[in-house]
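Survey of secondary and tertiary structure
One letter stands for each residue in the lines below.
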Amino acid sequence: MEGILHKWTNYISGWQPRWFVLDGGTLSYYDSQEDAWKGCKGSIKISVCEILVHSTDITRVDLTIPGEQYFYLRAINAAERQKWLVALGTAKACLTDNRTRREKELQENTEAIKTKMSELRLYCDLLLKQVNKIKDSEERGDSAEAGEDTGNMVKSTCTTFLKTLEECMHIANHTFSSDMVSQSPPGSPPVAAIKPQKVHCSGVNCFFDKDVVKIQYLDHNMDQIKEDGEDEVSRNQREMVSAPDQILPPQDPLLEEEGVDTFFSTMSHRFSDIRLEDDRGIPTQDFLDSCYAIVPVLDKLGSTVFAPVKMDFVGNIKKINQKWLSDPNSFPTLQSIVLHELQTATAQVRNSATEALLWLRRGLRFLKEFLSEVHSGEQDIHGALNNAYGRTLRQYHGWVVRGVFALALRASPSYESFTAALVSQEGDQLKPGFTSGMRRDLSVYLPAMEDQLGILDDLYDEYSLESDEVV
């Protein structure tokens, strides 16, 4: 079902008409039906939300996921609301049985992963004891036979450890299927709404729109040129204007390079678009939107093996977003959230927004370091990821998490596969201008990202909020 519903936006704009589409158990909305090509402004999963009928307003229906998402909607009239209630209720009923089975399977697999993680910790402790035993044997000068026996025990433990780790990843792969992890988080903005690009050149307006490059030469004084006095160039220009449907190749090779879009030039929200406050405050909503928009990079590295990383990343975004939604006027910037939790002595409480921002900042630093390696020309994706991990997250991870991360890095894609996933149109990575387009976009994106991460680094240093806790 699809149609117009009025959605509550904020106290300034109030109720605004939006185009809603209910499809596949997801309710998405757009600015208007005509602007649907730009990508949805937001969406909510019907299977997990509560459908509430307003007690006094006969046109209103509320969709809520407590603590996470709230859609306050009004239909044109009571009859229209009834149609939407039937459609929403039917969609929820159809999805409930399937969701129950999936939840049961997910719970079973989660318990299995917890069991395997406990086994890994046990083997980890055992390995440490065996290594210490070898060290003590060397200090005592024990016989070579005794050292060989201990070495065989270490080898056996390592083999069991790796086998258990492989089983753990197998369960994770089965649990977090590619269909599940590639979906956008609830309430996230569109991540790559691709728009036609217009490039201005001297004397020429070049419209780059998907597969066709239309070039229209404009000469506002053409009608004033006398037929007898026009030179060969003017005659050629008149011929091109008289055939506006003619498709011409770009004359300047630089135009071709500028016309190659990448993921970073078409993403809906970018750190480079954020306007900081006068006091260097980072706008909360703009920052979180930009964080949501970069999540697909993890999918492009491997939607299955990076699923745990993505879930942790998105989970931290949602914790901060929940804090912001509790009082948007009081938390316009990230700094205001941290300072409020410092004043209320909740900054270092488990699952606080300050703690979530700490780990989100570390995750963003990892992605920034990786993309910087790619920007500098590194084509070994595994090496770039490993270097970035070593400089950022590794110091905060224990043995088990490092092992899981190492296994994920081994499954990293080739440079060709990764770059092919960063194009706005299939085959763009083969164009001569793609590499320069990537460098162009990253040269704008990465400095802005570094600037904002640096502001947060200074904030956490100033108030001694850094933590050496290892997970």
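As a starting point, this report considers the structure included with it. If you're wondering where the values come from, they're calculated on a predicted model, not measured in any experiment.

Rules used throughout
Within any chain, residue numbers begin from 1 and follow the written order of that chain's sequence. For a predicted model such as this one, the threshold for reporting local features is a pLDDT of at least 70, and the threshold for listing and counting side-chain atom pairs is 80 or more; totals across whole chains, interfaces and linings nevertheless cover every residue. Water and hydrogen atoms play no part in the side-chain values, which are based on all heavy atoms of the structure. All axes here are fitted lines through C-alpha atoms, helices being fitted over the stretch that makes contact, and every angle between N-to-C directions spans 0 to 180 degrees. A run of DSSP states H or I qualifies as a helix once it reaches four residues; a run of E qualifies as a strand once it reaches two. Both are numbered from the N-terminal end. By the definition adopted for this analysis, an angle is roughly parallel if under 35 degrees, roughly antiparallel if over 145, roughly perpendicular if from 65 to 115, and oblique otherwise. Whether two residues are in contact is decided by their heavy atoms: any pair within 4.5 Å suffices. For this classification, the nonpolar set comprises Ala, Val, Leu, Ile, Met, Phe, Trp, Tyr, Cys and Pro, the charged set comprises Asp, Glu, Lys and Arg, and every other residue, Gly included, is treated as polar. Residues belong to one nonpolar core when they are buried, are Ala, Val, Leu, Ile, Met, Phe, Trp, Tyr or Cys, and are joined through side-chain atoms within 4.5 Å. Working definition: with a 1.4 Å probe on protein chains only, accessible area under 20% of the residue-type maximum means buried, over 50% means exposed, and in between means partly exposed. One side-chain nitrogen of Lys or Arg within 4 Å of one carboxyl oxygen of Asp or Glu is enough to make a salt bridge. Under this definition, polar contacts are N or O atom pairs within 3.5 Å; protein pairs additionally need one hydrogen-donor-capable and one acceptor-capable atom, and for neighbouring residues in sequence, both atoms have to be side-chain atoms. Strand pairing follows a simple DSSP-based rule, namely that at least 2 bridges must link the two strands.

Contact geometry of helix H10 (residues 334-343) with helix H11 (residues 353-375) gives a least axis separation of 9 Å together with a crossing angle of 135 degrees. Here H11 runs oblique to H10, going by the angle between their axes. Contacts between H10 and H11 involve Leu334, Ile337, Val338 and Glu341 from the first element and Ala353, Thr354 and Leu357 from the second. Taken together, the residues of the contact of H10 with H11 break down into five nonpolar, one polar and one charged.

Turning our eyes to something else, we now look at the nonpolar core. Counting residues in hydrophobic clusters, the biggest one holds 66 residues, and the most contacted among them are Phe264, Phe287, Leu364 and Phe370. Contacts of Leu364, omitting those with residues within four sequence positions, involve Phe271, Phe287, Cys291, Ile294, Phe313, Met449 and Leu453. Core analysis: the next-biggest nonpolar cluster, separate from the first, contains 19 residues, Leu27, Val61, Ile65 and Leu85 among them.

Turning our attention to the pattern of salt bridges. The full count for this structure, using the stated rule, is 19 salt bridges. Between Lys323 and Glu341 there is a salt bridge, and its shortest N-O distance comes to 3.9 Å. One end of the pair, Lys323, is in helix H9 (residues 307-326); the other, Glu341, is in helix H10, and 18 residues separate them in sequence. A single burial state applies to Lys323 and to Glu341, both of which are buried. The closest approach of N and O atoms between Glu369 and Arg391, which form a salt bridge, is 3.1 Å.

In this section: the side chain of Ser265. Here Ser265 lies in helix H6 (residues 263-266). Taking the relative accessible area as the measure of exposure, Ser265 reaches 18% and is therefore buried. A distance of 3.0 Å separates a polar side-chain atom of Ser265 from the backbone nitrogen of Thr262. Reaching out from Ser265, the side chain makes a polar contact with the side chain of Asp441 at a distance of 3.4 Å. Non-local contacts of Ser265, meaning those with residues more than four positions away in its chain, are made with Arg270, Arg440 and Asp441.

Before going further, it helps to examine unusual backbone geometry. The phi dihedral of Arg280 falls on the positive side, at around 70 degrees, and the residue is not glycine. Residue placement: Arg280 occurs in the loop between H6 and helix H7 (284-294). Phi is positive for Ser464, which is not a glycine, with a value near 50 degrees. Residue position: Ser464 is located in the segment after helix H15 (434-462).

Across the sheet, seven strands lie side by side as E4-E3-E2-E1-E7-E6-E5; this open sheet has antiparallel pairing. Since the sheet does not close on itself, it has two edges, and those belong to strand E4 (42-45) and strand E5 (50-53), each with one partner. Neighbour-to-neighbour, the strand axes of the sheet open up by a mean angle of 35 degrees, direction not taken into account. Sheet topology note: the strand E1 (residues 2-10)/strand E7 (residues 69-74) ladder contains two bridges and is antiparallel. Note on E7: the bridge partner recorded for Lys7 is Leu73.

These figures capture arrangement, not role.
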